[in-house]
Amino acid sequence: MKNCAVALVAMFLFPLFVHAQTATLDIDASAQGTPISPLLWGIFFEEINHAGDGGIYAEMVRNRSFEDAPHTTIHAWQLADSGGRARIALDRSVPLNPRNPHSLRWEIDAGDQPVSLINEGFWGIAVERGKRYRLSLYARRDDRFRGELRISLQGADGAIAAQHTVRGISAQWKRFSATLTSRTTDPRARLVITATSSGTVWLDMVSLMPVDTFKGRPNGLRKDLAQMLADLRPSFLRFPGGCFVEGDRMSNALRWRDTLGDVAERPSRWCVWGYTTTQGLGLHEYLQMSEDLGAEPMLVVNCGMACQYRNGDVVPMEQLDEWIEDALAAIEYAIGPPTSKWGALRAKNGHPKPFPLRFVEVGNENWGPAYEQRYARFYDAIKARFPQIQIIANAPVRSRPMDVLDEHYYSSPEWFISQANRYDRYDRNGVKIFVGEYAVTQGAGTGNLRAALGEAAFMTGIERNGDVVIMAAYAPLFVNVNARQWNPDLIGFDSSRVYGTPSYYVQKLFSLYRGTHVLPLKVNAPAVSVTEPRGAIGLGTWSTQAEYRDVRVAHNGRTLFTADFVQGAAGWRVVRGDWQVVDGAYRQNSLSTDCRAVVGDPNWTDYTLTLRARKLGGAEGFLILFRVRDDNNWYWWNLGGWGNVKHAVEKCVGGGKSIVSNEVAGSIEAGRWYDIRIEVHGARIRCYLDNQLVHDFEDKPLSALYAVASRNTRTGEVILKVVNVSGEPVETDIRLQGVRGLQPTGKVVTLSNDNPDEENSLDHPVRVAPVQSTLRVTGTHFRYTFPRHSLTVIVLKQR
């Protein structure tokens, strides 16, 4: 997950002001409606930001097995001031087991004076008065040590919240356990182990878990964090990643068999996000989490490629069978009968009944020929043994069918708003879509209302096309605020507190208020004020070598810029690629993607760009840039794009591209010169190839309102979700057609704030939170004013 996220710049849409007029929303409630996928809204869990270890996995001791890398230091453990009377070191002489090779050697030369060892957990161990905690550890000693270990939970001031004495330590490893009941509440308590004798003690797997976990499960989940997920009522849980599955290199790739069984025998693993994980949260725990949340499990398997195909690190095709068998065994663990090899192990681990696994994703953010080859091998093997499994591809492939295609988006609020109609254009008979990761990552603070409303506008389009998009999940899910590695995230927490961002409440409202069928809806809303369309120009290629000459920009017949490249390429700025002047042409020699060079004034408006272009080699055609504001905000005419099969104009906002014109079949031949002309005037854009008009369209401004209407056939409710992305209230006439009447009261739930930059936090968890009210309805036509910067859900019931 994530490292392929688009580059972002500070181009903020909000506040937007509307041209004064009344909006209308016309809902055809007489229509049967298009079914909405019942799985539409779910969640995606990845170990990032200490979401698992130090987060939802309830273990409270950090580096419990002394396996945290690098092993040049002892992470999270420290001696109290012992005056040099004690020393600690990592030891491999007598490991607890082969998969847990390191233990802590504690040498004590203190006579009868006690010395102590301290672990502060993950930025504090949170204990509550009256709550119970399961303590366990392994210990052994040398012949000199004849004392006890006093294990206590203490505040920073040394006040003891709970205590237990370990006796009977021998020369062999032995497990000790106890239940501690806290006498105080302290979010920053510490685990303190005190020795009362000279000698040497070895420790391993020092664990402290709350008894009160989610659903009361041993080795379970932190209750408050899991409840935040349960409150979303997710339909599915995608796990365990993300780039977490792949690793930064194949040697660090996830091997799910290492995550089963006794936690003391699970090897630790270096996480792609830069820390060691205990693997206490393993395959069985993920499946159990799905069941406890009432969500379908979705398993992501490693396809033999490292995260982002880093350094070309892939498993050779002749060695791929091991990884394919790994995926097949994981599926059998989930759904195999108790008589099967892996189903029997699942039953032994406490779950005889198969889990309802239907979806398996092959890889994560993998692409290219290497992915095509590996996807085909995995597809054939999985379908042969488990034909009922729906296989998700994470890039468009041709080597085998795609049951579902995973698409990921990270961009600006404006980009997400502009994509509210994206899925309206998708083939209704084509591959089903899973929007597996998405979030506003520009202008979002650490999770503000601005970002949430951009996502909400996009989500109206997802729900409206709930027959094409069958699942969607925000990412990332969790962040320990002490270890923020990705920003923003849906849920923030520390050792004792948790809060949801405004995006969390958007996800919650869309999930809680679901329809079964989308209803036809016409939205007539005022446009928002946007800055004047303007920008410089540029040239580019994508996996192609090409050259350009005779570039001219004119405004009302007046020349703004010319370049014949006789005297070089003065003024041109290379963004990417190998550009040089050759024989009076500006030539791009690299076969890399997204090669660009730009020139001109970003304040140019209403101009005509003309030039000549010739393809020299490669996979596609030409990229002609216009209205270039900066490296992340521009338009380009993509000639011979998408494998040299079509032409279209794309708009890039905040680093995220989308097609804004009609798409025209066509290709670019190598070796011949083409005449290219682009005319931009206000919202209108016209593009000519060899004096033939190819595109003529208007790039219209954004609307103030984005909406979706649905019916819940089980409850008889009509549900209307409306997002006002503007900085002004929008008075709206709402008209329901095809219903005899409505019950006199409806429900309204509103998420809004006058300040789109407002955020929630641990200290102020509900600054931006839904507010419920009652709507008095006198007929099927009524007027409602949608607050500025708001998501509003209106629930109406037919008589």
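Our subject is the structure listed above.
Residues numbered from 1 in each chain as written. Predicted model: local features only at pLDDT ≥ 70, side-chain atom pairs only at ≥ 80, totals over all residues. Heavy atoms only, no water.

**Q** Help me out: how do you make sense of the sheet that holds strand β26 (residues 498–500) in this one?
**A** Sheets are built from strands paired through backbone hydrogen bonds, the pairs being either parallel or antiparallel. Taken together, the 3 strands give an open sheet; going across it, the order is β24-β25-β26, and neighbouring strands pair in mixed fashion. The open sheet is flanked by β24 (478–480) and β26, the only strands paired with a single partner. The average undirected angle you get between the axes of adjacent strands in this sheet is 20°. Note that β24 and strand β25 (residues 491–493) share 3 bridges and pair parallel. Pairing of N480 across the sheet is with F493, part of β25. Docked against the sheet, helix α1 (residues 223–230) engages β24, β25 and β26, running at close to 15° with respect to β26. (Pairing = 2+ DSSP bridges. Helix = DSSP H or I, 4+ residues; strand = E, 2+ residues; numbered from the N terminus. Axes fitted to C-alpha atoms, helices over the stretch in contact; angles between N-to-C directions. Contact = heavy atoms within 4.5 Å.)

**Q** How should I be thinking about the state of the cysteines in this particular structure?
**A** Linking two cysteines covalently through their sulfur atoms gives a disulfide. Counted under the stated rule, the structure contains 1 disulfide. C243 shares a disulfide with C307; S-S distance 2.4 Å. On the sign convention where negative is left-handed, the bridge of C243 and C307, at about 45° about the S-S bond, is right-handed. Here C307 lies in the loop between β18 (296–301) and α4 (321–335) and C243 lies in helix α2 (residues 243–246), a separation of 64 residues in the sequence. On the basis of relative accessibility, which here comes to 0%, the residue C307 falls in the buried class. Cysteine C595 shares no disulfide, and the gap to the nearest cysteine sulfur, in C652, comes to 15 Å. (Disulfide = S-S within 2.5 Å. Buried < 20%, exposed > 50% of the residue type's maximum accessible area, 1.4 Å probe, protein only.)

**Q** Can you walk me through unusual backbone geometry in this structure?
**A** The phi angle of most residues is negative, glycine excepted, and most peptide bonds adopt the trans form. Between G241 and G242 the backbone carries a cis peptide bond, its omega angle lying at 15°. Position of G242 among the secondary structure elements: in the loop between β15 (236–239) and α2. For the peptide bond that leads from A475 to P476, omega is -10°, which places it in the cis range. Tracing the backbone through its elements, the reader meets P476 in the loop between β23 (469–472) and β24. The backbone of S543 sits at a positive phi, close to 55°, despite the residue not being glycine. Its place among the elements puts S543 in the loop between β29 (536–541) and β30 (544–555).

**Q** What's the story with the packing of aromatic side chains in this structure? I'm lost.
**A** Any two aromatic rings considered together are summarised by their centre-to-centre distance and by the angle between their planes. In the structure shown here, the tally under the stated rule is 36 aromatic pairs. With centroids separated by 6.4 Å and ring planes inclined at 45°, the aromatic side chains of W415 and F458 adopt a geometry described as tilted. With W415 in helix α7 (residues 413–418) and F458 in helix α8 (residues 449–464), the pair connects residues that are 43 residues apart, well separated along the chain. The buried category is assigned to W415, whose relative accessible area is 3%. Between F561 and W604, the ring centres sit 6.3 Å apart and the planes meet at 45°, which makes this aromatic pair tilted. Here the residue F561 occupies a position in strand β31 (residues 558–563), and W604 occupies one in the loop between β35 (595–599) and β36 (608–618), the gap between them amounting to 43 residues. (Phe/Tyr/Trp six-rings, centres within 6.5 Å; stacked < 30°, edge-to-face > 60°.)

**Q** Mind showing me how you'd approach the sheet that holds strand β28 (residues 521–524) here?
**A** Read across the sheet, 4 strands follow the order β28-β1-β47-β50 without closing on themselves; strand pairing throughout is mixed. On the outer flanks of this sheet lie β28 and β50 (781–786), each paired with one strand and no other. Here the strands of the sheet are splayed against their neighbours by 20° on average, with no regard to which way each runs.

**Q** What is the right way to look at the packing of α8 against helix α9 (residues 502–512) in this model?
**A** Axis angle and axis distance: for two packed helices, these are the angle between their axes and the distance between the axes, and together they describe the pair. Look at α8 against α9: their axes get within 8 Å of each other, and the N-to-C directions meet at 25°. Viewed along their axes, α8 and α9 adopt a mutual orientation that is roughly parallel. Between α8 and α9 the crossing geometry is right-handed. Seen from α8, the contacting residues are L449, A451, A452, E455, A456, M459, T460 and E463; seen from α9, they are P502, S503, V506, Q507 and F510. When the residues that make up the contact of α8 with α9 are grouped by side-chain class, the tally is 8 nonpolar, 3 polar and 2 charged. (Parallel < 35°, antiparallel > 145°, perpendicular 65-115°, else oblique. Left-handed = near helix turned anticlockwise from the far one by under 90°. Nonpolar A, V, L, I, M, F, W, Y, C, P; charged D, E, K, R; others polar.)

**Q** What's the story with the environment of V749 in this structure? I'm lost.
**A** Within the secondary structure layout, V749 lies in strand β48 (residues 745–752). Given a relative accessible area of 4%, V749 falls into the buried group. For the pair V749 and V94, spaced 655 residues apart in sequence, the C-alpha separation works out to 61 Å. In contact with V749, other than residues within four places in its own chain, are L509, Y513, P770, V771, Q772, L791, T792 and V793.

**Q** It is not clear to me how the pairing of strand β19 (residues 359–362) should be interpreted in this structure. Could you clarify?
**A** Every other side chain in a regular strand lies on the same face of the sheet, so the side chains alternate between the two faces. Side-chain alternation along β19 places F359 and E361 on one buried face and V360 and V362 on a second face that is also buried. Strand direction decides the pairing type here: β18 and β19, joined by 4 bridges, are parallel. In the sheet register, V300 faces β19, and the bridge partner there is E361. Bridge analysis of β19 against strand β20 (residues 390–393) gives 4 bridges, and the strand direction is parallel. From the neighbouring strand, E361 faces β20, where its bridge partner is I392. A crossover links β19 with its parallel partner β20, the connecting element being helix α6 (residues 368–385), and its sense is right-handed. (Right-handed = clockwise from strand over helix to strand, strands pointing away.)

**Q** I tried to follow the pattern of salt bridges on my own but got confused; where do I start?
**A** Close approach of charged atoms lets side chains of opposite charge pair. Inspection of the entire model under this criterion finds 49 salt bridges. A salt bridge links E437 to R238; the nearest nitrogen and oxygen atoms lie 3.1 Å apart. Of this pair, E437 sits in strand β22 (residues 432–440) while R238 sits in strand β15; the two residues are 199 residues apart in sequence, bridging distant segments of the chain. Given the relative accessible area of 0%, E437 is considered buried. D675 is paired through a salt bridge with R612; the nearest N and O atoms lie 3.3 Å apart. Of the two residues, D675 sits in strand β42 (residues 673–681) while R612 sits in strand β36, which places them 63 residues apart along the sequence. Relative accessible area serves as the criterion here: at 28%, R612 is assigned to the partly exposed category. Among the charged side chains, a network of salt bridges with common partners joins R87, D91, R105, E107, D109 and R144. (Salt bridge = Lys/Arg side-chain N within 4 Å of Asp/Glu carboxyl O.)

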